[in-house]
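# Fold and geometry: a report
Chain by chain, the residues run as shown.
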Amino acid sequence: MRAGKVGPSGARAWTRLIRLDLSRVMRSGGVTMAAVLLLGLGVYAGWQGNRRIQAAEDAAAAAETAYRDQLAHLISRYPPTTEAGELLYYLALPASQPLSRLSALASGRTEIETANLRIRLLALEGQLYEQETLNPRLAAAGHLDLSFVLIVLLPLFVLAVTYDIVSGERERGTWDMARLFARPRRLLAAKIGARVILVGGLVTALALAGASLVGAPLAGTSPTDVDGGGRTGWAAALIALHTLFWFALCLGVATGRRSSTANAMILVGAWVVLTFLAPAALSLANAVLHPVPEALELTVRQRQGYHEAWDLPPSETMEDFYKDYPEWSDQTVPEDEFTWAWYYAMNHRGDQAARDASLAYRDVLTQRDRWARRWSLLVPPLATRLALDRLAATDLASQLAYQDAVRRYHERLKAHFLPILFAAAPIPQVDWERVPAFEPAAPAGHVSQAGFPAAASLVLASICALLVAGIRATWAPGRVEAAQSGLTNRPGRRIPGGRR
Amino acid sequence: MSNILLIARRQVGAMREDRYLVFLLGLVAALGIVSVLAARHHAASETEQRARYQAVVDRQWAQQPERHPHRVIHYGFLVFREEAPLAFFDPGVGAFAGTSLFLEGHRQNSASFGDARHATAMLSFGRLTPAAVLGLLLPLLIVAAGFASVTGEREKGTLPLILAQGATPAQIMAGKALGVGAAAVVAALPIALVTAAFVAAGGGDQPSIARMLALAATYAAYLSGWVLLTVLVSSRSASSRAALARLVAIWVVLCVAAPRLGGSLANALHPMPSRAQFTAQVEEAQRQVGDSHNPDDPFFSALRDEYLARYQVASVEELPVNWAGVVSREGEAATSRIIEQQHQQLLAVHRRQDRVMAWLGLLSPHLAARDLSMAAAGTGPEAVEAFRSQAEAHRYAIIQRLNDLHTHEINYENDRAQRLARQHWTEFPVFRQDPPSLRGVLADRPVSLAALGLWIALPLAGLGLGRKRLPRVGADRPSR
């Protein structure tokens, strides 16, 4: 700020001004209560986020245990002469994507999507879109995470402590007295400074509580790592910028000559538009612009593609299979009897039939994600939210990346088991220790790619709001003074009854 | 009475003079209309799509070639959840429940492809639906219209004048509430009219008049509570500024924070197993039954001995029925029972969580109103569960019918090579969805109904108690 331009005695006056104002803000019962509530809610949300991460780890462990148990059970149940293909029909292999530490901050879609699919060697498209066991009523109520407290609720606190920063003094008639101690602009800067310190303290306390709860790394590790320090740094920067954006907006409105109540109504209106209406309208537009019929299409096609194969000669299915796996085209299956190689080739035929629909489905979701990302830049809270979700790898793109990782895993499993299936090898010939394990998806996009556009949008929006405030403070100080007498505090409301 | 009307008119006049308020009112009314149109568009295309795919799937089923019945058990059946006709008004839990469900033998799949899964995080801020406009935005509009209803008079010094003209405090409160309520009616009317027009014009599935009335009653009660609370807070506050700050804080706590906190608390108190854990549990339980695909399984060898004794034969080949079909049928019965048990355990967790939410409705009328609204619109969790259980019943009936065909129409010898003629497939029943009745779902929500009643009764009682205090508070207004 401009503190540097003030001399040593001025600096003392500065700190005194700030301290005085801070103590006055804190004395208000409502402000203290709101701060305590926010802090409590934030700590609770951080704790819940941590619990979600633990639950995901437990689920991953459960999937792994279930796999071991099932394998042991299947091996013990079938006689050793049984073909491995029969056992593989049942075997479900875990594909667990760990949650990032940052997901405690921005839980994104983690409550809807499952990150613990268990994959069988059968047609993949039917297994890829399993839904998490959520209670729809709770999901419809919306979820509470730390980013909700910081992005949705904290701005209201900022608003509550700044909306009457000028008009309040005016209406109480204390503006003149305060001006004896400092110039209006300095006074304003001191008052804003005091509030930034207050809110900054609150955010820092929340961030530290959150970090200590989930053990988020504050620095280090590689930038592509989901838990990398770069991601935490960007997230912290975005939250700070977002909070400052609200300060700038409040300042832009509060320096006007309107009454406190008018300021409050305008700011609450802005908050409703930015955190509810604009995101909801964009979401609606997104859904209308990018419809997803392919979701149902691919279900229908995969089922039909697989089942039709039972009524076709095996050689026809195998021809289709060799198109995707030419390295196996020298292998043939008998025409008149059941073989497991043919069975899995029929499953592959189901995936082939659904492929176009599946790609189209994926494209639509990618388009939705891109569109949302682009247009969100006009709505700072939404841009922040999407960027945080991206940093925490809990957004739509990350979910698609997970599905791709599962697709790759399914292919690796096929590559591993096809020799066994074509050889019609019995169960004991499989070395279960060498079965490939799932490799989690790398987070979508680079860290700065995720954070930079949102940060730029926040900075630009803040500058615009500050310019408005600055112009008013520079060009219209007289007007501010003229409006000081408390009697004109509700310009919009005259006494209508008096006319009658 | 005439005093009340005079004061109401005075309040309406004051609100009309307030350009912010007039702008806000226009905005909310416009948003209401837009939300109805958009939601209606979305719901119509969604319904059309599901109906189209259901027709495709039904045709594919009927046109199956000659197949072995067990093949058809795995071919299965796809059903698509029909949304209630009023889902466009309040989509309820619809977006978070799957829309398509694959019914096959040996397992109970979960419905997949909910709307929420195709949405970006934008959705997490809330949805622009008529129900959200009425439940979330209108209370805020009421606050804006009424926060200064009493404090304003006090600040202008007009309150003693009104009292001196013979209006009692109770009449002032009633008049103010009436005036503020008028603003709410003006904002809500376009939504009601457009919705009614759509319902009247739309053919086919008509939402019953009772459902519309239940919706209207729910929102009327909920919004009346807000009107009363606004006037109450205004009458008890020292200044308009304080009244506005208090009311906005109340709105944030009740409408924004409480639903999410409630959902989170319910989840924390009654945690649910993850999908991975749930399927592992089901498999574990199923292992106790054995595998109908494996004829040497102990469960099925006991069954075999029973059948051999009943028909007085020495081997399954001599049975007058196809043993493989019997095994498949009994296996299906046993696994279905186990899966349903597991599923009921999961639903029991849901119900415990729902109870937490219902009790929290006593603290946040927004939760109670939402609960009743989705019940009235027919988009509550019951509708989703009804679809699931009806689909499961349909699945079970179809699979067992196929097993019966297997038992009686297919010979045990050379079983797998035989096929059934195509006309069998056309004889299967079509899946019909039967939504839960309005009376039933409302009767299941005594706590929410009570919460909404309290939401009106408490501010009313507050206004009644504050009756005598009104002039005294007026005397110490700050502007004198």
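Reading guide: rules and limits
- Residues numbered from 1 in each chain as written.
- Chains lettered and ligands numbered in written order.
- Predicted model: local features only at pLDDT ≥ 70, side-chain atom pairs only at ≥ 80, totals over all residues.
- Helix = DSSP H or I, 4+ residues; strand = E, 2+ residues; numbered from the N terminus.
- Rg over C-alpha atoms; globule rule 2.2 N^0.38 Å.
- Buried ≥ 20, exposed ≤ 12 C-beta atoms within 10 Å, placed from the backbone.
- Contact = placed C-beta atoms within 7 Å.
- Pairing = 2+ DSSP bridges.
- Axes fitted to C-alpha atoms, helices over the stretch in contact; angles between N-to-C directions.
- Left-handed = near helix turned anticlockwise from the far one by under 90°.
- Nonpolar A, V, L, I, M, F, W, Y, C, P; charged D, E, K, R; others polar.
- Expected span 1.5 Å × (residues − 1).
- pLDDT = per-residue confidence, 0-100.
- Core = buried A, V, L, I, M, F, W, Y, C linked by C-beta atoms within 7 Å.

### Digging into the overall build of chain B
Helices and strands together make up the secondary structure of chain B, namely 18 helices and three strands. The globule rule puts the C-alpha radius of gyration for 480 residues at 23 Å, and the 30 Å found for chain B is more than 25% above it. Burial analysis of chain B (480 residues in total) assigns 49% to the buried set. In chain B, the share of contacts with a sequence separation of at least 24, taken over all contacts with a separation of at least 6, comes to 84%.

### Observations concerning the overall build of chain A
A tally of helices and strands in chain A yields 17 helices and two strands. Burial status across chain A gives 50% buried among its 500 residues. Considering only contacts within chain A whose residues lie at least 6 apart along the sequence, 84% involve residues at least 24 apart.

### Side note on the sheet that holds strand S1 (residues 77-80) of chain B
Here we have three strands laid out as an open sheet, ordered S1-S2-S3 (chain B), and antiparallel in their pairing. Both edges of this open sheet fall to S1 and strand S3 (107-108) of chain B, since each of them pairs with a single strand only.

### Describing unusual backbone geometry
One non-glycine residue, A:Ala393, lies in positive phi territory at about 55 degrees. Assignment of secondary structure puts A:Ala393 in the loop between helix H14 (380-391) and helix H15 (396-422). The class for A:Ala393 is buried, based on 31 C-beta atoms found within 10 Å. Of note, B:Gln312 is a non-glycine position whose phi angle comes to about 55 degrees, a positive value. Along the chain, the position of B:Gln312 falls in the loop between helix H11 (298-311) and helix H12 (323-360). Given 7 C-beta atoms within a 10 Å radius, B:Gln312 is considered exposed.

### Focus: the environment of B:Asn267
Tracing the backbone shows B:Asn267 in helix H9 (residues 240-269). Overall, the presence of 24 C-beta atoms within 10 Å leaves B:Asn267 in the buried class. B:Asn267 has contacts with A:Leu138 and B:Gln353, leaving out every residue within four places of it along the chain.

### Some points on the packing of H9(B) against H12(B)
All names here are of chain B. Contact pair H9 / H12: the axes reach a minimum separation of 9 Å and the direction vectors enclose 145 degrees. Crossing handedness for the pair H9 and H12: right-handed. Seen from H9, the contacting residues are Ala-258, Gly-262, Leu-265, Ala-266, Asn-267 and Leu-269; seen from H12, they are Gln-353, Val-356, Met-357 and Leu-360.

### Description of the interface of chain A and chain B
The interface is formed by 83 residues belonging to chain A together with 86 residues belonging to chain B. Per-element accounting of the side of chain A that touches chain B gives the leading share, 19 residues, to helix H10 (residues 260-289) of chain A. For the side of chain A that touches chain B, the residue count by class is 46 nonpolar, 23 polar and 14 charged.

### Notes on helix H10 (residues 275-289) of chain B
Counted at 1.5 Å a residue, the expected span for H10(B) with its 15 residues is 21 Å, and the 22 Å between its end C-alpha atoms agrees. Considered for burial, the residues of H10(B) that qualify are B:Arg275, B:Ala276, B:Gln277, B:Phe278, B:Thr279 and B:Ala280. Buried residues along H10(B) sit against helix H2 (29-77) and strand S2 (116-119) of chain A together with H12 of chain B.

### Let's talk about the confidence of the model for chain B
Residue and element names in this part refer to chain B. For chain B, the average pLDDT comes to 86, and 93% of its residues sit at 70 or higher. Within the model, the stretch residues 471-480 combines pLDDT values under 50 with 12 contacts to residues more than four positions away or in other chains. Interface scoring of the predicted complex returns ipTM 0.87; its pTM is 0.88.

### Some points on the packing of H10(A) against helix H13 (residues 340-376) of chain A
What describes two packed helices is the angle between their axes and the distance between those same axes. Residue and element names in this part refer to chain A. Close contact between H10 and H13 brings their axes to 10 Å; oriented N to C, the two are set at 145 degrees. Between H10 and H13 lies a crossing whose hand is right-handed. When H10 is examined against H13, the residues Leu-282, Asn-286 and Leu-289 are found in contact with a partner set consisting of Arg-368, Trp-371, Ala-372 and Trp-375. Here the contact of H10 with H13 is composed, by residue class, of five nonpolar, one polar and one charged.

### Topic: helix H17 (residues 446-465) of chain B
Each turn of an α-helix holds 3.6 residues, which means side chains three or four residues apart point in the same direction. All names here are of chain B. In this model H17 runs 28 Å from its N-terminal to its C-terminal C-alpha over 20 residues, within 8% of the 28 Å that 1.5 Å per residue would give. Of all the positions in H17, only Ser-448, Ala-451, Leu-452, Trp-455, Pro-459 and Leu-463 are classed as buried. Packed against the buried residues of H17 are helix H7 (169-201), helix H8 (209-236), H12 and helix H13 (365-377).

### A word on the nonpolar core
In terms of nonpolar packing, the biggest core is built from 266 residues, with A:Phe157, A:Cys250, B:Leu138, B:Leu141, B:Ile142 and B:Ala184 touching the most fellow members. Dropping the residues within four chain positions of it, B:Ile142 is found in contact with B:Val180, B:Ala183, B:Ala184, B:Leu223, B:Trp226, B:Val227 and B:Thr230. In this structure, B:Phe300, B:Trp323, B:Ala324 and B:Val326 belong to the second largest nonpolar core, which totals five residues.

### Let's talk about the pairing of strand S2 (residues 100-104) of chain B
One face of the sheet, then the other: side chains in a regular strand alternate in exactly this way. Residues and elements named next belong to chain B. Bridge count for S1 against S2 is four bridges, and the pairing is antiparallel. The partner of Leu-78 across the bridge, within S2, is Phe-102. Pairing of S2 with S3, which is carried by two bridges, proceeds in the antiparallel orientation. Note that in S3 the partner of Leu-103 across the bridge is Gln-108.

### A word on the environment of A:Gly108
Assignment of secondary structure puts A:Gly108 in the loop between strand S1 (93-96) and S2. Spatially, the C-alpha atom of A:Gly108 lies 8.2 Å from that of A:Ala392, the residues being 284 residues apart in sequence.

### Overview of the environment of A:Ala35
Within the fold, A:Ala35 resides in helix H2. Placed 378 residues apart in sequence, A:Ala35 and A:Leu413 show a C-alpha to C-alpha distance of 53 Å.

### Re the confidence of the model for chain A
Residues and elements named next belong to chain A. Scored by pLDDT, chain A comes out at a mean of 83, with 88% of its residues at no less than 70. The model gives residues 1-7 a pLDDT under 50, and that stretch makes seven contacts with residues more than four places away or in other chains. This model gives residues 218-224 a pLDDT under 50, and the stretch forms 13 contacts once residues within four places in sequence are excluded.

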